[in-house]
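Inside the fold
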Amino acid sequence: MSSPSKKVRGSKPGRSPAKARAIPTLDWADDIIESTLAANEDGSSFELSKYVDKNPEKKGVEPPVINTSGDLGGVKPEPKMPTKGVVVVEDPAVVFKRKKMKTGELSSVLTEMFNEWIETSEGERVGNSVPALPLHFFDSSDFSTGKSPTSWMEGMPEEGLDAVVYDQPVGDSLGTFSRILVLGYDEKAAMYEIQYKVTAEMAKKRRVEICMSNEDRPKFMRRLTACLERRCSAEALLRYHYCVSCMPLDRTVISTLDLENSQRILKMALSSVERKNDPAALAQAEGSETVSTLLEEATGQYENVMNKLIFDMNMLNPSNLKVFNELALPPVPPPKPPKQVGVVAMPAGRSDFNGAFNSFVGTTFMTSTEVIRSLLGVVSSCLRTESRRVLSSSHTESTTLTKFAENQNRDIMKTSRIIKDDWPQRTAAGIRQALSGADHAVYNMEEGALAKFKQEDNMLRKLLNRVNLAMSDTLYDVCSSSIKEYSAYILKCAEAVVTVVSAGEIQVERPPSAGVEMPPLLAIGLQKSPEKGCLNQAAVDKANADIEAWNALPDEDKHEPECPIDPVEPKMGYYFEYNVPLAEIEPTLLAPFDTCISELQGVHHVQRYVMERLFWPNPELVGSVTQDEVTVDVTGKKTAWVKELRDAICTAVEDSSSPLTNYVETYKEFVDFLNLDVEEYIGGLKHAATSEDDEPEEGQPHLVKVDVAALEKVLKFHVEQKLKVLDAIPALPVECGMFLIETASIREFLAEKHQDIIDRLLTSHMEHCEILTTFVDTKFQHVQATLAAKPNNVEEVTELKEFVATVANTMAPLEEKIAEMMSYYGALDDFKFKATPEASTAKWTAYGWPNKLNQQCEDALRLIDQCNNAYMQDMLNEQGRFLQDMGFLEKEVDDLERYTDIKHVDEAAERCAETAKKVSDASTKADLFNSREGLFDLEITDYEQLGQIKKNFEPYNNLWKTANDWLTSSRKWLHGSFLELDAEEVEEQVDGFGMAIAKAAKFFERNEEKFGNQFKVAKDIQSQVKAFAPNVPLITALRNKGMRDRHWEQLSTVVGFEIKPDEAFTLSTVLEMKLLDYLEACTKIAEAAQKEFNIEVMLDKMLAEWDDMKLDIFAYAGTGVLKGVDEIIALLDEHVTQTQVMQFSANKGPFEQRIDDWNAKLMTVSEVIDSWLAVQRNWMYLQPIFESPDINKQLPAEGQKFATVDKNWRQTISSTRNNNKVIEFCDNEKLLERFKSSAILLDQVQKGLSDYLETKRGVFARFYFLSDDDLLSILSESKNVKLVQPHFKKCFEAIDSVQFEEDLTITNMFSPEKEMVPFSIPIDPTTSSVEVWMLALEKMMLVSIRDVMITAIADYTVTPRPEWMQKHPAMCVLNGSQMFWTKETEAYLEEHGEAGPQKALDQQIAQLDDMIILVRGKLSKSARSTVGALTVIDVHARDVMKKLVANKVGDKLDFAWSSQLRYYWEEDNLWASMVAARRPYGYEYLGNTFRLVITPLT
């Protein structure tokens, strides 16, 4: 049984070359290549016969020899049947072979037929090739079976149609034949769907690759081999043309198209234009870009033809046939015999052409297939790179200068990174891959000796030099195209002719353009200068120059002893300027041009990446365009074209910038107003001055005297100037050539400044009006109040009369003030200043005061005349009656002596009360009479009699008043309602009665002989008071304020009978019940009642204390926040504690429900306050964050949630202002739920904010080292980049700070030890967000450390080591030293074997001795730290060497050496290796810190 997959024999590339065959002439090659590559997109093949039919001119030329005869190399086609009558006897072996081909197992038969074809010359040629093009492109319809794909599927078994598929070459074979099942046909892809029988793998194959089981097998084999042969021929032609196109023009052999031929071609091309006799058209045609392009194309075609001739000539050389055959090029046709005419015989030995040719072949690298493949890759890479442009040369909208520079720098960095890093490395990787199968002895890419690589006969060096030349040519094209297009772009933007007419008009004329008009390139704004400058600098400079010129005159020419020229004093002030200094425009536009050239200078030679094991101490760079680039034209004229382009940009920018200077000059008329200090200006106006004549009321401001005419003049001036500004300065941006000038902001600034002056003056004047109005109104109100007061006595009449006399003088100046006030308000009306309704009302009220007061004065005078005489006579009559009443009063007092019996106590007490009132009234009248006597200028009367009456009356009043009060009170207490008794009042009155009666008894006891009966009455009352006193404690107990029905029931239980006080219950009843005997029980029950009463009072007190407790809302962010809650919380805590104490009180019973309700209320209020404060804390934290539109844009969901909370918050604050009582507003479960839901939303917002910060951290991962507050601080301060400085030490291992230049670019970084490392390229943090430029700073840190590392490593070999270690940053010294330690140790091991470690040890000991000398000397602090750290590492290196010496290590692969941490500089990078591990160095800046002693643990 045959195998399912049969391999066919074949040849590897590099096997013995195929036999030479005739090839078509080279013009055939061009056509076949084009036709092959332009094969039908639907998968149809290129057919040579159809090509010839379409190109009849090719019929006379021998086409490529393509085997379509059916000769399968030993498998002959079936012979035609002999003619009738002829008997043909066939060889039995042939018959058996034909039968086997028809009936044998299909895959075996095809494999055998294919192997036989390989033995032929064509098969051998195909076997030696490496196919690259798809096979089906070369299929031919000549072998068509006549059956369509669907007809093959007709009647197909359900499991599929048996067939064999030819699989493309794999490994050393030319392919395999595998058994398959054909399952269907994909018409869109024009492919059959198949399944391998053995692996069941599904696939799609072309018809040319499938042999059906019932198909003509020889015909299929002829079809397949014909495709293989055509593909081999086409690929050979492609390689041939590639070799020709890659040939550099050897100017030592041939020259390019000379000037004479160029002119001849140009003249022939322009003959049709010349015949028109139009010199202008001819000149335009000669200078057009199309003519130049056609000449370049003709020159290129000429040079290509020359290269073809040279290449074909070398192909005809028999000594080169082997090399060309190894390249699998089309076979070389035999050379034509030379004509013998003019042939001269050469002497023997004079020329060995064949030897020279063979020598050349032996020295070139173009004979290797691998080399050709590598060069193909190089060309492809160069073509891709050549299409790139470093600089942008178009725009769709005007942009700022900073943004323009940022965009250009971004493009430069992006493209230069690809060209400097990706391009060489990918090219090198392609070369290494292509040469991996080449002869290692010739192309040794693992060479470690630089000298060996640089030998003259090193083929690999020659190849890499060829590659470097190609890359240099590509790099030159990229750079030159970029700067040429950029220069044309800038010139295009600057081509307009600009005429500045005025601030509002700029005329711009542009030449007609066929393309789309671009907007102005740069957008700049006119602004006020941030700092003051000299406004008359030209005058100052001229005066100084004149003074210097006068001083330089000889003494005899000086006609005056002193210089007659006065120096001009500089006038400092603000001025108009652009927001971009004009001096920065040209450097900024030139910077991309220069940066493009400088950036493309740093492309390393490709050998740096191909030869990975070589160390390149002096990096070699691919050549590119330089600033001094010079070209030479056909006439030999040299042109510094780069300088010309740069100068053209400078000139264009300079010409375009000059109108900007002219335009800003049109604003000179506004400079004085620009420098006007509004405060100083208004303060210097003289239209208003403080009046010192009129003294204002206490707490009122002084009046201001205003010159209305002067004020109106100033106001009119500024109104006119504002209109002038708005008319003169345009509101929309003005086009000025390549610039778009924004003037709206300066226009608005100047207009608003005028309006600000107007508003300030009118507002200030309104305040003056209100002050004057208030002053006038207050004065008139005082006058009115005095006139309106009605006199009630002589005194008031006199005062009113005196005041009326002064009213006229008082009103005169006030009327003047009214006139002045009306003129003030008139100025406001003229300028349409709207006064408040209150001010308008006050104005007209003040205006009507004079008429109102005149009427009141007349009324007051009439009233004075009526009252004056009447009051005088009344006083005299009343005084006479008073003296008579004094006699009666004295007799009345003496008559009190007749009351001697207690029975008359009521009458006596009544008489005493009447007499006491009369005595009091008499004293008052005496004082009044004395006062009026003074007003009427009468002699003051002395009323001695009244004093004696008072003295005699007092003892009687004390006795009878006290006795009457006692008897009345005691009867009331004993027989009145017990429930109305006030125990405290009873106790107080009993004590008062006792003291008063004791005083009266003492007086009458001294005069007992005269007042014995009164003394007895006093003693009787005194004894009654003392007898009643023991009842006071019982009254106090039973009349306790806390006594309730429950307490009376308790008392009833104690005494054994019911006590139920009602309206009929009296003190007498109590005494009759003998409750005094139960005083102790009564007191105990009363105490309990008092405690319960205290609880009740405490509850009432707590409730009352909350009446004055209000929520204090403090204005914040357009709403408010709760503040001053400490007192509320303290009161809450106090009341909660008191309530809890009451809940545990033994006397709480009657108030238990009330206590619980109060406690619940307090708890609700407490929860609301706590939730309020929690929400307020988060709201205040998030509110300023979500005020930012950027945050809301980044966090829309969280912004919506915060908006919900914010809305609820504002509603709550608004409601609080309407009802701010704590206990009423906060005892609200709905409010509590609102705060709780707000707290949940704020927590979600906080989480969203944290996730947002995570996105920032996702951009710059080192933000994870910062807290949320720190990160928010950075994000909120991103505009002031210097404020990020304190956070560097948290983000980076050793960056303590960075250096900001004046333009805020970052140029250096500093460690905590103050070690400075410069950045390779400055970082501009002002053009991007903080996380982006921090990420750029991180990358620049790595790049800069790598650049410094390269510098340190390169400097190691040229600088003495003690000096070197002080010259570079510490980490570069440590790693560079480790790298050279590794390199030197391995070099010793390779050269000296086991003796190498000892030599390395001797060298390290010598280095340590140098360091000992160094540290004993004077070193800076930074250098001493570096040397100390290096000493630790060098001591460890010495110890390692001692171990290697002890173990007799002689090979760098020995584990004792490979287990050490080693550093290598490979692939343009620093690598750390240990055993099998190999990692690239990270370049994180580590500063200048100490190092731990290296032990197995560290």
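The structure presented is a predicted model; accordingly, all values stated were derived computationally and were not measured.

1. Section: the overall build of the protein
The helix and strand tally for the protein stands at 50 helices and 26 strands. The buried share among the 1498 residues of the protein stands at 42%. Pairs at least 24 residues apart make up 72% of the contacts formed inside the protein by residues separated by at least 6 positions. With an accessible surface of roughly 81200 Å², the protein has 53% of that area assigned to carbon and sulfur atoms.

2. Examining the pattern of salt bridges
A complete count under the given rule lists 49 salt bridges for this structure. Asp167 is paired through a salt bridge with Lys205; the nearest N and O atoms lie 3.3 Å apart. Here Lys205 lies in strand β5 (residues 202-205) and Asp167 lies in strand β2 (residues 161-167), a separation of 38 residues in the sequence. Accessibility expressed as a relative area gives 14% for Asp167, which makes it buried. When salt bridges that share partners are traced, they join Asp895, Arg898, Glu907 and Arg911 into one network.

3. Quick notes on the sheet that holds strand β22 (residues 1306-1310)
On the basis of which strands lie adjacent, the open sheet formed by 3 strands has the order β21-β22-β23 and antiparallel pairing. Unpaired on one side and paired on the other, β21 (1297-1300) and β23 (1316-1323) mark the two borders of the sheet. Geometrically, the sheet is characterised by an average inter-axis angle of 25° between neighbouring strands, direction not taken into account. Note: β22 against β23, 4 bridges, orientation antiparallel. Within β23, the residue paired with Met1309 across the bridge is Val1317.

4. Side note on the sheet that holds strand β12 (residues 576-578)
Spatial ordering of the open sheet is given by β12-β9-β18-β17, a layout of 4 strands whose pairing is mixed. Taken across any chain shown, the strands that pair with only one partner, and hence form the sheet edges, are β12 and β17 (734-736). Averaged over neighbouring strand pairs, the angle between their axes works out to 30° when direction is ignored. In this sheet, strand β18 (residues 739-742) lies alongside strand β9 (residues 522-528) in parallel orientation, the contact comprising 4 bridges.

5. Points about the pairing of strand β4 (residues 191-196)
Sheet topology note: the strand β3 (residues 176-186)/β4 ladder contains 6 bridges and is antiparallel. Paired with Gly184 across the strands is Glu193, a residue of β4. What sits between β3 and β4 in their antiparallel hairpin is a turn of 4 residues, with Ala190 showing a positive phi close to 55°. Counting the residues between successive antiparallel strands, the hairpin from β4 to β5 contains 5 residues, one of them, Ala200, with a positive phi of roughly 60°.

6. Quick look at unusual backbone geometry
Positive phi, close to 55°, is recorded for Lys1448, a residue that is not glycine. A relative accessible area of 59% means that Lys1448 is categorised as exposed. Of note in the backbone geometry, Glu1467 takes a positive phi value of approximately 55° without being a glycine. In this fold, Glu1467 is placed in the loop between β24 (1462-1466) and β25 (1469-1474).

7. A word on a nonpolar patch on the surface
Taken together, Phe1455, Leu1461, Met1474 and Val1475 make up a surface patch of nonpolar side chains, about 370 Å² in accessible area. Tracing the backbone shows Val1475 in the loop between β25 and β26 (1477-1480). The partly exposed category is assigned to Val1475, whose relative accessible area is 44%.

8. Structural notes on the packing of helix α17 (residues 459-493) against helix α21 (residues 641-665)
Packing of α17 against α21 leaves a shortest axis separation of 9 Å and a crossing angle of 20°. Between α17 and α21, the angle falls in the class roughly parallel. In the packing of α17 onto α21, the handedness of the crossing is left-handed. Packed against α17, whose contacting residues are Tyr476, Ser480, Ile483, Lys484, Tyr486, Ser487, Ile490 and Leu491, the element α21 presents Trp641, Val642, Leu645, Ala648, Ile649, Ala652 and Val653 at the interface. Split into classes, the residues belonging to the contact of α17 with α21 amount to 12 nonpolar, 2 polar and 1 charged.

9. Some remarks on the environment of Pro1318
With respect to the helices and strands, the residue Pro1318 is situated in strand β23. Take Pro1318: its relative accessible area is 40%, and that puts it in the partly exposed class. Every residue in contact with Pro1318, bar those within four places of it in the chain, is listed here: Thr1307, Asn1308 and Ser1344.

10. Notes on a positive patch on the surface
Residues Arg384, Arg388, Arg410, Lys414, Arg417, Arg426 and Lys1339 make up a contiguous surface patch of positive charge. Examining the composition of the positive patch, we find that 4 residues originate from one element, helix α15 (residues 401-434), more than from any other. Counting through the fold element by element, Lys414 comes out in helix α15. Owing to a relative accessible area of 51%, Lys414 belongs among the exposed residues under this scheme.

11. Focus on the packing of aromatic side chains
Per the counting criterion, the structure on display carries 33 aromatic pairs. With a centroid separation of 5.3 Å and an interplanar angle of 75°, the aromatic rings of Tyr240 and Phe311 are classed as edge-to-face. Here Tyr240 is found in helix α7 (residues 217-246), whereas its partner Phe311 is found in helix α11 (residues 289-315), with 71 residues between them in sequence. Considered together, Tyr240 and Phe311 belong to a single accessibility category, that of buried residues. For the pair Trp1172 and Trp1209, a centre-to-centre distance of 6.5 Å together with 90° between the ring planes defines the contact as edge-to-face. With Trp1172 in helix α38 (residues 1152-1186) and Trp1209 in helix α40 (residues 1196-1218), the pair connects residues that are 37 residues apart, well separated along the chain.

Each value, and the rule that gives it
- As a convention, each chain's residues are numbered from 1 in the sequence order in which they are written.
- The model is predicted, so local features are restricted to residues of pLDDT at least 70 and side-chain atom pairs to those at 80 or more, both for listing and for counting; the totals for chains, interfaces and linings are taken over all residues.
- For the side-chain quantities, the full set of heavy atoms in the structure was used; hydrogens and water were omitted.
- Secondary structure follows DSSP: runs of H or I at least 4 residues long count as helices, runs of E at least 2 residues long count as strands, and numbering of each begins at the N terminus.
- We call a residue buried when its accessible area falls under 20% of the maximum for its residue type, exposed when it is over 50%, and partly exposed in between, using a 1.4 Å probe and counting protein chains only.
- Here a residue-residue contact requires only that any non-hydrogen atoms of the pair lie within 4.5 Å.
- Throughout, the Shrake-Rupley method with a 1.4 Å probe supplies accessible areas, and for residues the shown protein chains are the sole cover considered.
- The working definition used for a salt bridge is a side-chain nitrogen of Lys or Arg within 4 Å of a carboxyl oxygen of Asp or Glu.
- Strand pairing follows a simple DSSP-based rule, namely that at least 2 bridges must link the two strands.
- Here the axes come from fitting lines to C-alpha atoms, over the contacting stretch only for helices, and the angles between their N-to-C directions go from 0 to 180 degrees.
- Patch membership requires more than 30% relative accessible area and the absence of a salt bridge. Residues of like charge join within 9 Å; the nonpolar side chains Val, Leu, Ile, Met, Phe, Trp and Tyr join within 5 Å.
- Working definition: roughly parallel below 35 degrees, roughly antiparallel above 145 degrees, roughly perpendicular at 65 to 115 degrees, and oblique for all remaining angles.
- Handedness of a crossing is defined here by the sense of rotation of the near helix relative to the far one, left-handed for an anticlockwise turn of less than a right angle and right-handed for a clockwise turn.
- Polarity classes work like this: nonpolar for Ala, Val, Leu, Ile, Met, Phe, Trp, Tyr, Cys and Pro, charged for Asp, Glu, Lys and Arg, and polar for all others, with Gly in that last group.
- His is not counted, nor are the chain ends, whereas Lys and Arg count as positive and Asp and Glu as negative.
- Lys charges are placed at NZ, Arg charges at CZ, Asp charges at CG and Glu charges at CD.
- Ring pairs are drawn from Phe, Tyr and Trp, using the six-membered ring of Trp, whenever the two centres fall within 6.5 Å, and their geometry is named by plane angle: stacked under 30 degrees, edge-to-face over 60, tilted for the rest.

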